[in-house]
Amino acid sequence: MELRHLRYFVAVAELKHFGRAAARLHMAQPPLSQQVRQLEAELGVALLHRTTRRVDLTDAGVAFLQRAREILAAVDAANAEAQRIGAGLEGRLVVGCVGSATYSLLPSLARALREELPAVDFSFRGEMLVPDQATALLAGAIDLALLRPPVDESGLVVTSLRRDGLIVALPDGHRLAERKRVRAIDLKDEDFIVHAGQGRSVMNGLVLGLCRDAGFAPRIRQEVGETSTLVTFVAAGLGVAIVPEPVSALGVAGATYRPLTGGVKVELSAATREGDESPVLARALELLVALTHQ
């Protein structure tokens, strides 16, 4: 028994006429009649009462018609689902975000994904440091990472999205808040709040390098893992911080931001597993590129 036998039988059963059923199926009547008889022979039971004027269902035919419709509907649904998944319109995607992207790019991405791919199941993990993102990607815990390069692990593909300028986060009322721009050397005597060190944060190494180039070593008051905590500590007056410009979108009360001179920028990239050909992932990357190039 093949699916075509079920489709042939359903057409005849619904129209109660071989000629009209053959027309619906775009085939000749004799082959249709032959195929239905083969189906009955395989089942070992008559499904139809045939007369010169019409065709009626036997009791067995009534029961078989219901099941045949269910089977065909399930097959059609499976075909449609496979096509949607193949086109990237359905599926699942987990996105991990570095802190600064969590509060700037992630809301726009979530909105775009909901509008463009409403049938896709998306989940997000914010405030992730780069090493944790790389580990999660390789383990399959996330499918897409928004991070700050460099990424040292092999097996990942990194796509550049944009470059963000740097700003200085200051407590409200800080003496430097009166300036339009702040130089790195202006922070020489300040306590610093920085992201986690020991290779866990790209921003940690960048801030240390900026201070070194300005001729001093920063006096680090606190190392933190989350950008929201970093800005909260700044707002509490515990120190100052150098962060990517999108961090200002966090909107923590008590924190003021000023551009850092020097024109240094930090890259934001998307990372995926090498060889991951998920159609949903491909569509999400397209949306990311569009959002970051507006």
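Because the structure is predicted, anything quoted here is derived from the model rather than measured.

Caption draft 1: Molecular detail of the overall build of the protein chain. When helices and strands are tallied, the protein chain shows 10 helices and 11 strands. A compact globule built from 294 residues would reach a C-alpha radius of gyration of about 19 Å, whereas the protein chain, at 32 Å, exceeds it by more than 25%. A principal-axis box enclosing the C-alpha atoms of the protein chain has dimensions of 105 × 35 × 30 Å. Going through the 294 residues of the protein chain one by one, you find that 43% of them count as buried. Contacts in the protein chain between residues at least 24 apart in sequence constitute 72% of all its contacts with a sequence separation of at least 6.

Caption draft 2: Structural view of unusual backbone geometry. Cis peptide bonds are those with omega within 30 degrees of zero, and the linkage from P149 to P150 qualifies with 10 degrees. For H26, which is not glycine, the phi torsion reads 60 degrees and is therefore positive. Here H26 lies in the loop between α2 (18-25) and α3 (29-43). You will see that E127, though not glycine, has its phi angle at about 55 degrees, which is positive. By the element assignment, E127 lies in the loop between β4 (120-125) and α7 (130-139).

Caption draft 3: Quick look at a nonpolar patch on the surface. A contiguous nonpolar patch, built from M1, L43 and V45 and spanning about 230 Å² of accessible area, is present on the exposed surface. Locating V45 in the fold gives a position in the loop between α3 and β1 (48-50). Residue classification places V45 among the partly exposed positions, given a relative accessible area of 36%.

Caption draft 4: Just helix α10 (residues 279-292), in detail. The end-to-end C-alpha separation of α10 is 20 Å, in line with the 20 Å expected for 14 residues at 1.5 Å each. When we look at burial in α10, the residues that qualify are V280, L281, A284, L287, L288 and T292. The arc that holds every buried residue of α10, seen down its axis, measures 120 degrees, which confines them to one face. Check the buried side of α10 and you find it contacts β3 (91-97), α6 (105-116), β4, β5 (144-147), β6 (156-171) and β11 (265-273). Here α10 starts with a cap whose side-chain oxygen sits 3.3 Å from the backbone nitrogen of V280, and that cap is S278.

Caption draft 5: Structural detail: the packing of aromatic side chains. A complete count under the given rule lists two aromatic pairs for this structure. Ring plane angle 65 degrees and centroid distance 5.4 Å describe the contact between F9 and F64, whose orientation is recorded as edge-to-face. Here F9 is found in helix α1 (residues 3-15), whereas its partner F64 is found in helix α4 (residues 59-86), with 55 residues between them in sequence. Comparing F9 with F64 shows no difference in burial state: the two are buried. Consider the rings of F192 and F216, whose centres lie 6.5 Å apart with planes at 45 degrees: the pair is tilted. Highlighted residues: F192 in strand β7 (residues 191-195) and F216 in the loop between α8 (202-213) and β8 (219-224), separated in sequence by 24 residues.

Caption draft 6: Focus on the pairing of β6. Bridge count between β6 and β11: nine bridges; the pairing is antiparallel. Within β11, the residue paired with R162 across the bridge is L268. Relative to strand β9 (residues 241-244), β6 is paired through four bridges, and the arrangement is antiparallel. Across the sheet, I167 pairs through a bridge with V243, a residue of β9. In this sheet, strand β10 (residues 255-259) lies alongside β6 in antiparallel orientation, the contact comprising five bridges. When the sheet's bridge partners are listed, L170 is paired in β10 with T256.

Caption draft 7: Highlighting α2. Regarding α2, the residues found buried are F18, A21 and A22. Burial along α2 is one-sided: seen end-on, the buried residues are contained in an arc of 100 degrees. Elements that come into contact with the buried residues of α2 comprise α1, α3, β1 and β2 (55-57).

So, how was this worked out
- Residues numbered from 1 in each chain as written.
- Predicted model: local features only at pLDDT ≥ 70, side-chain atom pairs only at ≥ 80, totals over all residues.
- Heavy atoms only, no water.
- Helix = DSSP H or I, 4+ residues; strand = E, 2+ residues; numbered from the N terminus.
- Rg over C-alpha atoms; globule rule 2.2 N^0.38 Å.
- Buried < 20%, exposed > 50% of the residue type's maximum accessible area, 1.4 Å probe, protein only.
- Contact = heavy atoms within 4.5 Å.
- Patch = residues over 30% accessible without salt bridge, like charges linked within 9 Å, V, L, I, M, F, W, Y side chains within 5 Å.
- Areas by Shrake-Rupley, 256 points an atom, 1.4 Å probe, with all protein chains shown as cover.
- Salt bridge = Lys/Arg side-chain N within 4 Å of Asp/Glu carboxyl O.
- Expected span 1.5 Å × (residues − 1).
- Arc of directions from axis to C-beta.
- Polar contact = N/O pair within 3.5 Å; in protein donor to acceptor, adjacent residues only side chain to side chain.
- Phe/Tyr/Trp six-rings, centres within 6.5 Å; stacked < 30°, edge-to-face > 60°.
- Pairing = 2+ DSSP bridges.

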